[in-house]
Amino acid sequence: LTTVKGFTATLLAKWDRLSEEQRRTMLRAVNADADRVTRLLSDLLDASRIDAGRLRLRPQVVDVPDAVRQVIDGRVASGDSDDRFALRVAGPLPETWLDPDRTAQVFANLIENAVRHGAGTVAIEAAAAKTAAGEDAVLVTVADEGEGIRDDVRSRIFSRFWRGGHASGSGLGLYIVKGIVEAHHGTVEVDRAPAGGARFRVLLPAGTAPYDLGT
């Protein structure tokens, strides 16, 4: 907000004395920081809903690989290299009832986390699986080739406001991922990827009919 206020005040006071390029630079900064504030407010609201047990979900049939592809397409359109991502679908998947917006939010957060904190190729795989109770499910893994997550902090990464090292952001992304997945009666965990980086494993029960996942 400080950046937004400062550049806006400068533009209003000195518009005629600024070059076209200076105006564009300031407006780009204002736009980027406005987006950051919007994301922060959205994260805080989602965290509050999760804490209160009031995260409302609207389930419908979701094509999980297609939802992942849309997230990847969005990142490529925003400037990421298409070569950075590899999506694999292992065999046919069960029909899956999920909240499409919240599911996309989970995949977007995990892929952004891999891009921002990892390295190399971000490998995403979707495969049929079973829950502990033997129900049909979809297992989505997101893995990178970076340094991975240290064993001594792995148990804390899904906590509110946890940020590793010099990482930026609200520290709520993975907390929200966990809340959304658990609201779908699923699980999320992290371990070390075969390539050495972090690997997030999201297990989402398929469901067989529309049902109210939240209150």
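You'll find the structure just up there.
Residues numbered from 1 in each chain as written. Predicted model: local features only at pLDDT ≥ 70, side-chain atom pairs only at ≥ 80, totals over all residues. Heavy atoms only, no water.

> So what's going on with the pairing of strand β5 (residues 136-143)? Which residues, and what values?
When you tally the buried positions in β5, you get seven out of eight residues, the bulk of the element. Hairpin connection between strand β4 (residues 122-130) and β5: a loop of five residues separates the two successive antiparallel strands, and G134 in this loop has a positive phi of roughly 85°. Of the strand pairs in this sheet, β5 and strand β7 (residues 198-205) are connected by seven bridges, and their pairing is antiparallel. Residue pairing in the sheet places T141 in a bridge with R201 of β7. (Buried < 20%, exposed > 50% of the residue type's maximum accessible area, 1.4 Å probe, protein only. Helix = DSSP H or I, 4+ residues; strand = E, 2+ residues; numbered from the N terminus. Pairing = 2+ DSSP bridges.)

> How would you explain the packing of helix α4 (residues 100-117) against helix α5 (residues 173-183) if you had to name every residue and give the values?
The N-to-C vectors of α4 and α5 enclose an angle of 145°; their axes lie 9 Å apart at closest approach. Here α4 runs over α5; the crossing is left-handed. Facing R102, Q105, V106, N109, L110 and N113 of α4, the residues of α5 in contact are G173, L174, I176, V177, I180 and V181. Broken down by class, the residue content of the contact of α4 with α5 amounts to seven nonpolar, four polar and one charged. (Axes fitted to C-alpha atoms, helices over the stretch in contact; angles between N-to-C directions. Left-handed = near helix turned anticlockwise from the far one by under 90°. Contact = heavy atoms within 4.5 Å. Nonpolar A, V, L, I, M, F, W, Y, C, P; charged D, E, K, R; others polar.)

> Kindly report on the packing of aromatic side chains, identifying the contributing residues and their values.
Scanning the entire structure with this criterion turns up one aromatic pair. With a centroid separation of 6.1 Å and an interplanar angle of 85°, the aromatic rings of F158 and F200 are classed as edge-to-face. Taken together, the positions of F158 in the loop between β5 and α5 and F200 in strand β7 put the pair 42 residues apart, joining distant regions of the chain. An identical accessibility class is assigned to F158 and F200; each is buried. (Phe/Tyr/Trp six-rings, centres within 6.5 Å; stacked < 30°, edge-to-face > 60°.)

> I'd love a proper account of the environment of R160, names of residues and values included.
The residue R160 is located in the loop between β5 and α5 in this model. A sequence separation of 11 residues divides R160 from G171, and the C-alpha atoms of the two residues are 6.4 Å apart. When sequence neighbours within four positions are dropped, the list of residues in contact with R160 reads D51, G171, L172 and Y175.

> Hey, could you go over the nonpolar core for me, with residue numbers and the actual values?
Nonpolar side chains in soluble globular proteins generally cluster together in the buried interior. Counting residues in each nonpolar core, the largest one holds 42 residues, and the members touching the most others are F107, L110, I111, I124, V140, V142 and F200. Within the residue set of this core, elements represented by two or more residues are α2 (20-52), α3 (64-77), α4, β4, β5, α5, β6 (187-192) and β7. With seven residues, the top contributor of residues to this core is α5. The contacts of I111, once residues within four sequence positions are left out, are V68, V71, I72, R75, F85, I124 and V142. (Core = buried A, V, L, I, M, F, W, Y, C linked by side-chain atoms within 4.5 Å.)

> Break down a negative patch on the surface for me, citing the residues and quoting the values.
On the surface, D63, D66, D73, D82 and D83 cluster together into a negatively charged patch. In this structure, D66 sits in helix α3. (Patch = residues over 30% accessible without salt bridge, like charges linked within 9 Å, V, L, I, M, F, W, Y side chains within 5 Å. Areas by Shrake-Rupley, 256 points an atom, 1.4 Å probe, with all protein chains shown as cover. Salt bridge = Lys/Arg side-chain N within 4 Å of Asp/Glu carboxyl O. Lys, Arg positive; Asp, Glu negative; His and termini not counted. Charge placed at Lys NZ, Arg CZ, Asp CG, Glu CD.)

> Tell me about a nonpolar patch on the surface, and please be specific about residues and values.
Among the surface-exposed residues, L40, L41 and L44 lie close enough to one another that they form a single nonpolar patch of about 250 Å² accessible area. Mapping L44 onto the fold places it in helix α2. Look at L44 and you get partly exposed, because its relative accessible area is 35%.

> Lay out the environment of R150 with the relevant residues and their values.
Note that R150 resides in the loop between β5 and α5. Residue R150 is classed as exposed on the basis of its relative accessible area of 52%. Sequence separation between R150 and A198 is 48 residues, and the spatial gap between their C-alpha atoms is 9.3 Å.

> Pulling in residues and values, what's your account of α4?
Counted at 1.5 Å a residue, the expected span for α4 with its 18 residues is 26 Å, and the 26 Å between its end C-alpha atoms agrees. Residues R102, T103, Q105, V106, F107, N109, L110, I111, N113, A114 and V115 constitute the buried set of α4. For α4, the N-terminal cap is D99; the gap from its side-chain oxygen to the backbone nitrogen of D101 is 3.0 Å. (Expected span 1.5 Å × (residues − 1). Polar contact = N/O pair within 3.5 Å; in protein donor to acceptor, adjacent residues only side chain to side chain.)

> Lay out the packing of helix α1 (residues 2-14) against α2 with the relevant residues and their values.
Running from N to C, α1 and α2 cross one another at 150°; their axes reach a closest spacing of 9 Å. Relative to α2, α1 is oriented roughly antiparallel. Judged by the twist between their axes, the crossing of α1 over α2 is left-handed. Residues T3, V4, F7, T8, T10 and L11 of α1 form the contact with α2, whose own contacting residues are R23, M26, L27, A29, V30, D33 and A34. (Parallel < 35°, antiparallel > 145°, perpendicular 65-115°, else oblique.)

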